[in-house]
Number of protein chains: 2
Amino acid sequence: MQIGTASSLSGVSAKMIRHYETIGLVPVPARRHSNYRDYDDDDVHRLAFVRRARDLGFAIGEIRDLLRLWADKDRASADVRALAKAHVADLDSRIERLMEMRMTLNRLVSCCDGDNRPHCPIIETLAGG
Amino acid sequence: MQIGTASSLSGVSAKMIRHYETIGLVPVPARRHSNYRDYDDDDVHRLAFVRRARDLGFAIGEIRDLLRLWADKDRASADVRALAKAHVADLDSRIERLMEMRMTLNRLVSCCDGDNRPHCPIIETLAGG
DNA sequence: GCTTGACCTTACCATGATGGGAAGGTGCAC
DNA sequence: GTGCACCTTCCCATCATGGTAAGGTCAAGC
């Protein structure tokens, strides 16, 4: 099938499919005599795998590892689990950081009158007041 | 003062100070005859403002607005408040998205034995199983 | 046979915030 | 007068993604 078909079946844009190919995340597909890329069901399956991993926030490097583990029929599930737990820890710290921002900002917002007068604790805090 | 001094006083790297200058976030400073940039306390104050806003997760475009509001002595605090609330909403959706990822992943991790055997619900889920 | 339109190809540029490095100028202290 | 710390500009890289331009391919319809 052509890249457009593989794209709609996998949920990965044609642009990104080509990109994943150039960075070596997915194998180089066969070409027809038209020079069009030619994908099969396995390719689509792999692309859908990548998309799901991206949806869970895994970075490209981690997805590379996940694809290797997926292909390795003798893998230890402990390896996958460790990778996933590391990613959860990463998510945790990002969430915590964002929540700190939110808490600080919410505190400032609740202190701000929000009227027509210029006095504003938000700006004052940013200004180092 | 030189850019290095302004950098340590404001907490913004010299690299980023120059960057903020080229994108017009901060004004072009005076130059000495050596062609070195020359900053004063107001510049440092503004840079520290930018850094605090960045620390709260504001994007450059929002910081541009905040700087304008800061400079406008007749601003309505409601305008600042609205900007901050919009940013809080943005933080909320990012947090929610990350928490969804974390929840899904944690569920998978808890279903995974994490032993030497290859069977792994994490990989299977990614594979669309 | 020729046109039209949908698809494909590569190549380049952009985002946003930041860092790295190269090649070279400035200025002060010893 | 040399060495060192600082500065300058310019270019490149990240990460994942999108856009656009210029051109090739192919099938359907006239």
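Reference entry: report on the structure contained in this document. This structure is a prediction, so every number in the text was calculated from the model and none was measured.

Definitions and limits used
Residues numbered from 1 in each chain as written. Chains lettered and ligands numbered in written order. Predicted model: local features only at pLDDT ≥ 70, side-chain atom pairs only at ≥ 80, totals over all residues. Helix = DSSP H or I, 4+ residues; strand = E, 2+ residues; numbered from the N terminus. Rg over C-alpha atoms; globule rule 2.2 N^0.38 Å. Buried ≥ 20, exposed ≤ 12 C-beta atoms within 10 Å, placed from the backbone. Contact = placed C-beta atoms within 7 Å. Nonpolar A, V, L, I, M, F, W, Y, C, P; charged D, E, K, R; others polar.

### Structural notes on the overall build of chain A
Scanning chain A for helices and strands turns up six helices and two strands. Scanning chain A from its N terminus toward the C terminus, one meets helices and strands in the order α-α-β-β-α-α-α-α. Relative to a compact globule of 129 residues, whose C-alpha radius of gyration would be 14 Å, chain A shows 23 Å and is clearly more extended. By its C-alpha atoms, chain A is 70 × 40 × 20 Å across when sized along the principal axes. Relative to its 129 residues, chain A shows a buried fraction of 26%.

### Focus on the interface of chain A and chain B
Facing the 48 residues of chain A at the interface are 48 residues of chain B. Looking at the side of chain A that touches chain B, the elements with two or more residues in it are helix H3 (41-55), helix H4 (60-71), helix H5 (77-111) and helix H6 (121-126) of chain A. Among the elements that take part in the side of chain A that touches chain B, H5 of chain A stands out by supplying 21 residues, more than any other. Of the residues assigned to the side of chain A that touches chain B, the class counts are 27 nonpolar, nine polar and twelve charged.

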